[in-house]
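One-letter residues, chain by chain:
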Amino acid sequence: MVLSKTASESDASVNSTFASRYVRTSLPRFKMAESSIPKEAAFQIINDELMLDGNPRLNLASFVTTWMEPECDKLIMAAVNKNYVDMDEYPVTTELQNRCVNMIAHLFNAPLGEDETAVGVGTVGSSEAIMLAGLAFKRKWQNKMKAQGKPYDKPNIVTGANVQVCWEKFARYFEVELKEVKLREGYYVMDPTKAVEMVDENTICVAAILGSTLNGEFEDVKLLNDLLVEKNKETGWETPIHVDAASGGFIAPFLYPELVWDFRLPLVKSINVSGHKYGLVYAGIGWAIWRSKEDLPEELIFHINYLGADQPTFTLNFSKGSSQIIAQYYQLIRLGFEGYKNIMENCQENATVLKEGLEKTGRFNIVSKEHGVPLVAFSLKDNSRHNEFELSDMLRRFGWIVPAYTMPADAQHITVLRVVIREDFSRTLAERLVSDIDKTLHELDTLPARINFKNEMAKEAGKVKKTDVEVMEEVTAAWKKFVIERKKTSGVC
């Protein structure tokens, strides 16, 4: 006689996740489930869904670090349960942050005495650092205007139209007018002369970008400083400069030590840099550094004592993980100046390999500059049949994530593709990317241009008037249908 047993739905003896009932039901999306599920099933199901994300190492859109040494990974996991704000409970972590601030300040040539400590703070990224720097400029300007008996309700800040969106956030959130210097074809950074012309008595600072996200180019901070010095002399104003070195702050000191952009310039009062970009740390760490204590108003600093001791704090958020601060310190002492220099030189050389490979195709205009962040921004010489967005979309079949975007005002008609060269992007990958781009171009050449589809749709529509959205949807559907049919007949090798 054979005995058998039917497992109940709650039977925990079924150890395989894929033999359980948990893979036959959808995970909660909007409302918490009533009952629990085993930890193994929760892990497996979420992990499987995450496989649909892109590969971070092949995400060439991002400046953010995607690889660190295993030893640093261990330090990160060991500190993942430490809340940095508990400074009295975690004094060593606080000390490590202070060491990072001082190392970065010296890297940026802050005018510090032998025993003088730097003024700065770790943040969750450059966005928070920019908010803090902007608030310091606004408060200093307001205090000055109040002392002079002048209106202080209409502050403004001058930037280029190429600034990152966090500057727009700062302006909107903290009620500061954003005055943007427009771009033009062939010149995709802020023009210092035009920027200084836009400065008035209500300008709290001029923001210069060391490493534009659009094409990696460094803005001319020295020229901006010199022009602003002259204007300040003529007007009696004291308009300062902030340098947004989110991308370039950990590049310029190692690749371009002769470039004067930092605290060597007298009007540069604060600098932000992203530790999680070329500072070589995983996402979640930025730094705001001030020239001196006088440039950070004391009234913006809060002193708290309910965590065990008096703790000065100047952040937008309160709680923050300690892991990235520890990781930053690891990189600074592990690599030193020599290590960072070698990595940045490798990135620059691999960017050159990619640039030369793209030029050999004869199909692209290179938009990025030789001096700047190691990236390659490029556009098609002829996009009348197929455009940069199509090329970006088709490259995803190989796993590559290469962004396509249009330039800001007044260069909106220029579309660009951009590849950011990070530490973990080797020469082999650069050569492979060129090969895959070349394959994609040849395949696009065999496809009908979208404009032809649009013309055909217009003929078929006849007297029936359709919206631009309807026409574009039909064009896209027809183009996709053609690609699918072609795949059916081309075979696989």
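No experiment lies behind these values; they were computed from the predicted model shown.

1. Describing the sheet that holds strand S12 (residues 404–406)
Through backbone hydrogen bonds, the strands of a sheet pair up, either in parallel or in antiparallel fashion.
For step 1, the next point in the chain: On the basis of which strands lie adjacent, the open sheet formed by four strands has the order S10-S11-S13-S12 and antiparallel pairing. Only two strands of the sheet have a single neighbouring strand rather than two, namely strand S10 (364–366) and S12. Neighbour-to-neighbour, the strand axes of the sheet open up by a mean angle of 40 degrees, direction not taken into account.
For step 2, the next point in the chain: Two elements, S12 and strand S13 (residues 415–420), share three bridges in a ladder whose sense is antiparallel.

2. A closer look at the pattern of salt bridges
For step 1, the next point in the chain: Across all of its chains, the model carries 17 salt bridges by this definition.
For step 2, the next point in the chain: Of the charged contacts in the structure, one is a salt bridge between Arg99 and Glu95, with a shortest N-O distance of 3.1 Å. One end of the pair, Arg99, and the other, Glu95, are both in helix H3 (residues 91–107), four residues apart, so they sit about a helical turn from each other.
For step 3, the next point in the chain: Relative accessible area serves as the criterion here: at 34%, Arg99 is assigned to the partly exposed category.

3. What to know about the packing of helix H10 (residues 388–395) against helix H11 (residues 427–446)
For step 1, the next point in the chain: The N-to-C vectors of H10 and H11 enclose an angle of 120 degrees; their axes lie 10 Å apart at closest approach. One element, H10, and the other, H11, form an angle in the oblique class. At the point where H10 passes H11, the crossing takes the right-handed sense. Counting all contacts with H10, which are made through Glu390, Leu391, Met394 and Leu395, the residues of H11 involved are Asp436, Ile437, Thr440, Leu441, Glu443 and Leu444.
For step 2, the next point in the chain: Split into classes, the residues belonging to the contact of H10 with H11 amount to six nonpolar, one polar and three charged.

4. Here we look at the sheet that holds strand S2 (residues 156–160)
For step 1, the next point in the chain: Taken in spatial order, the seven strands make up an open sheet running S1-S7-S6-S5-S4-S2-S3, and their pairing is mixed. Lying at the two open borders of the sheet, with one neighbouring strand each, are strand S1 (119–123) and strand S3 (177–181). For this sheet the average axis-to-axis angle between neighbouring strands, irrespective of direction, equals 20 degrees.
For step 2, the next point in the chain: Where strand S6 (residues 268–274) lies against strand S7 (residues 286–290), five bridges are found, and the strand directions are antiparallel. Within S7, the position partnered with Ser274 by the bridge is Gly286.
For step 3, the next point in the chain: Packed on one face of the sheet, helix H4 (residues 126–147) meets S1, strand S4 (203–209), strand S5 (241–244), S6 and S7 and runs near 165 degrees to S6.

5. Focus: empty space enclosed by the protein
For step 1, the next point in the chain: Taken as a whole, this structure holds one cavity of 30 Å³ or more when the rule is applied.
For step 2, the next point in the chain: As a volume, the largest cavity reaches approximately 70 Å³.
For step 3, the next point in the chain: Along the walls of the largest cavity sit Phe63, Thr65, Thr66, Trp67, Lys277, Tyr278, Leu280, Arg422, Glu423 and Asp424, which together make up its complete lining.
For step 4, the next point in the chain: In the lining of the largest cavity, the residues fall into four nonpolar, two polar and four charged.

6. Some remarks on the packing of aromatic side chains
For step 1, the next point in the chain: Considering all chains together, one arrives at nine aromatic pairs under this definition.
For step 2, the next point in the chain: Measuring from centroid to centroid gives 5.7 Å for Phe250 and Tyr340, while their planes differ by 20 degrees, and the two rings are stacked. Taken as a pair, Phe250 in the loop between S5 and helix H8 (252–255) and Tyr340 in helix H9 (residues 323–361) lie far apart in primary sequence, 90 residues in all. Summarising the burial analysis for this pair, Phe250 and Tyr340 share the class buried.
For step 3, the next point in the chain: With a centroid separation of 5.0 Å and 85 degrees between ring planes, the pair formed by Phe364 and Phe378 is classed as edge-to-face. Here Phe364, found in strand S10, pairs with Phe378, found in strand S11 (residues 375–380); they are 14 residues apart in sequence, far enough to count as distant. Both residues of the pair, Phe364 and Phe378, belong to the buried class.
For step 4, the next point in the chain: Above the plane of the ring of Tyr152 lies Lys146, whose end atom (NZ or CZ) is 4.9 Å from the centre.
For step 5, the next point in the chain: In this structure, Arg184 packs its charged tip against the face of Tyr187, placed 4.4 Å from the ring centre.

Definitions and cut-offs
- Residues numbered from 1 in each chain as written.
- Predicted model: local features only at pLDDT ≥ 70, side-chain atom pairs only at ≥ 80, totals over all residues.
- Heavy atoms only, no water.
- Pairing = 2+ DSSP bridges.
- Helix = DSSP H or I, 4+ residues; strand = E, 2+ residues; numbered from the N terminus.
- Axes fitted to C-alpha atoms, helices over the stretch in contact; angles between N-to-C directions.
- Salt bridge = Lys/Arg side-chain N within 4 Å of Asp/Glu carboxyl O.
- Buried < 20%, exposed > 50% of the residue type's maximum accessible area, 1.4 Å probe, protein only.
- Parallel < 35°, antiparallel > 145°, perpendicular 65-115°, else oblique.
- Left-handed = near helix turned anticlockwise from the far one by under 90°.
- Contact = heavy atoms within 4.5 Å.
- Nonpolar A, V, L, I, M, F, W, Y, C, P; charged D, E, K, R; others polar.
- 1 Å grid on protein atoms, 1.4 Å probe; cavity = no way out; pocket = protein on both sides within 12 Å on 5 of 7 lines; lining within 4 Å.
- Points joined across faces, edges and corners; volume = space filled by probe spheres on them.
- Phe/Tyr/Trp six-rings, centres within 6.5 Å; stacked < 30°, edge-to-face > 60°.
- Lys NZ or Arg CZ within 6 Å of the ring centre and 35° of its normal.

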